[in-house]
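# Observations on the three-dimensional arrangement
These are the residues of each chain, in order.
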Amino acid sequence: CVQETGTWGFLLQFVMRKAMIIFTTIAYLSNALVAPPKIVEKLMPLDRSSEREGANITHVLLHFSSLCVLDQKNPYDLEKQIQIYVDAEASAHFLLDRQGVIYLLVAESRKAWHAGKGKLRWAPYMEDTLNFHSIGIELMGIGSWEDMKIFMTKEQYDNIEKKDLGFTNAQYRSLNTLLGYLTKKYDIPRDRCHILGHNDWADNEHRTDPGHFFFYSKIGLPQYPTCLLYTSDAADDLLCVDLGGRRIIKKKK
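Computed from a prediction, not measured in an experiment: that's the story for all the values here. Every residue gets a number counted from 1 within its own chain, in the order that chain's sequence is written. Local features in this predicted model are restricted to residues whose pLDDT is 70 or higher, and side-chain atom pairs enter the listing and the counts only when it is 80 or higher, whereas totals over whole chains, interfaces and linings include all residues. Hydrogens and waters are ignored; side-chain quantities use all the structure's heavy atoms.

### Digging into the side chain of E108
Put simply, DSSP H or I for four residues or longer makes a helix, DSSP E for two residues or longer makes a strand, and each gets a number counted from the N terminus. Positionally, E108 belongs in the loop between β5 (102-104) and β6 (110-112). Here a polar contact is taken to be a pair of N or O atoms separated by no more than 3.5 Å, where protein atoms must pair a possible hydrogen donor with a possible acceptor and residues adjacent in sequence count only if both atoms sit in side chains. A distance of 3.0 Å separates polar atoms of two side chains, one belonging to E108 and the other to K185. Residues are treated as being in contact if the distance between any of their heavy atoms lies within 4.5 Å. Those residues in contact with E108, other than ones at most four positions away along the chain, are R52, I57, H93, F94, I135, Y181, L182, K185 and Y186.

Here you go:
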């Protein structure tokens, strides 16, 4: 009887030690997943962004960028791309190059100028205010002809090499890491109501990015948003209802 009790005690200690190792490993991996990714600072002039004025960060907006209208054979150049933003009085928080390097262009605490005018059909209360509430991410990439025809001629598009179309696996890997960090840091639901393309915000006649060659499945999301429409009268006494995340952000005073 003593020997049996000792055996069970040994097994219990063994299981507990193994469980502790597993829990420690899970905790370590969890912290690793939300740790800031490797980011290279390349900050734009301060006058190409502005204050958030206390607004909460609730969304991420994805874009594509290239020099393809100016140079079809060499459409990707970091310095020239950033200068285009400066000249256009535009900006984004992050830029991912073709190798997946993440560049910080605007501090997250500031409002980058990337969303422009627009609205979300499921959250019309946000009309023309997404810059205040979002992180803007530019990916160096080129869309389909349908995406690009509002920017260039068919002859120009046909001069682009096929390898320069779409996005690279390195970019998807880095974007997944960056989204994991941002969604955890700002408590942003990782769904298509909050991870948006520019075309989800602005209509397709004016903005088509990130385009038909961007596959949301590679960041674990459906290709198109499936969000509830803003129809509830019960929400009238609220300043802001985030229907996609099913959260009340702030009540009116």
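### A few points about the sheet that holds strand β3 (residues 59-65)
DSSP-based pairing: two strands are paired if at least 2 bridges between them are found. Read from one edge of the open sheet, six strands run β1-β5-β4-β7-β3-β8, paired in mixed fashion. The two strands at the open ends of the sheet, each matched to only one other strand, are β1 (39-41) and β8 (195-197). Each adjacent strand pair in this sheet contributes to an overall mean axis angle of 30°, direction not counted. Bridge count for strand β4 (residues 94-96) against β5 is three bridges, and the pairing is antiparallel. Bridge pairing in β5 links L96 to I102. The sheet contacts of helix α6 (residues 169-186) involve β3, β4, β5, β7 (134-140) and β8, and relative to β7 the element is tilted by about 170°. Convention adopted: a line fitted to C-alpha atoms gives each axis, helices being fitted over their contacting stretch, and angles between N-to-C directions are expressed from 0 to 180 degrees.

### Notes on the state of the cysteines
When two cysteine sulfur atoms lie within 2.5 Å, the pair is treated as a disulfide. Tallied over the entire structure, the rule returns one disulfide. Here C193 is linked by a disulfide to C227, with a sulfur-sulfur distance of 2.1 Å. With the S-S bond torsion at -120°, the cross-link from C193 to C227 turns out left-handed. Remark: C227 occurs in the loop between α7 (198-201) and β9 (238-242) and C193 occurs in the loop between α6 and β8; sequence separation between them is 34 residues.

### Quick word on the packing of aromatic side chains
Only centres within 6.5 Å qualify two rings of Phe, Tyr or Trp (six-membered ring in Trp) as a pair; their planes then separate them into stacked at under 30 degrees, edge-to-face at over 60, and tilted for everything else. A complete count under the given rule lists six aromatic pairs for this structure. Measuring from ring centre to ring centre gives 6.5 Å for F64 and F151, while their planes differ by 75°; the resulting arrangement is edge-to-face. Residue F64 is located in strand β3, and its partner F151 is located in the loop between α4 (145-148) and α5 (154-158); the two are separated by 87 residues in the primary sequence. Taking the centre distance of 6.5 Å and the plane angle of 70° together, the rings of F167 and Y172 count as edge-to-face. Across the pair, exposure class does not vary: F167 and Y172 are buried alike. Here the aromatic residues F167, Y172, F214 and Y216 are joined through ring pairs into a cluster of three or more. Lying across the ring of W145, K154 places its NZ or CZ 5.8 Å from the centre. Geometrically, a lysine NZ or arginine CZ counts as sitting over a ring once it is within 6 Å of the ring centre and also within 35 degrees of the ring normal. Between the NZ or CZ atom of R192 and the centre of the ring of Y216, over which it lies, the distance is 3.8 Å. Burial here depends on accessible area, computed with a 1.4 Å probe over protein chains only, as a share of the maximum for the residue type. Under 20% is buried, over 50% is exposed, and the range in between is partly exposed.

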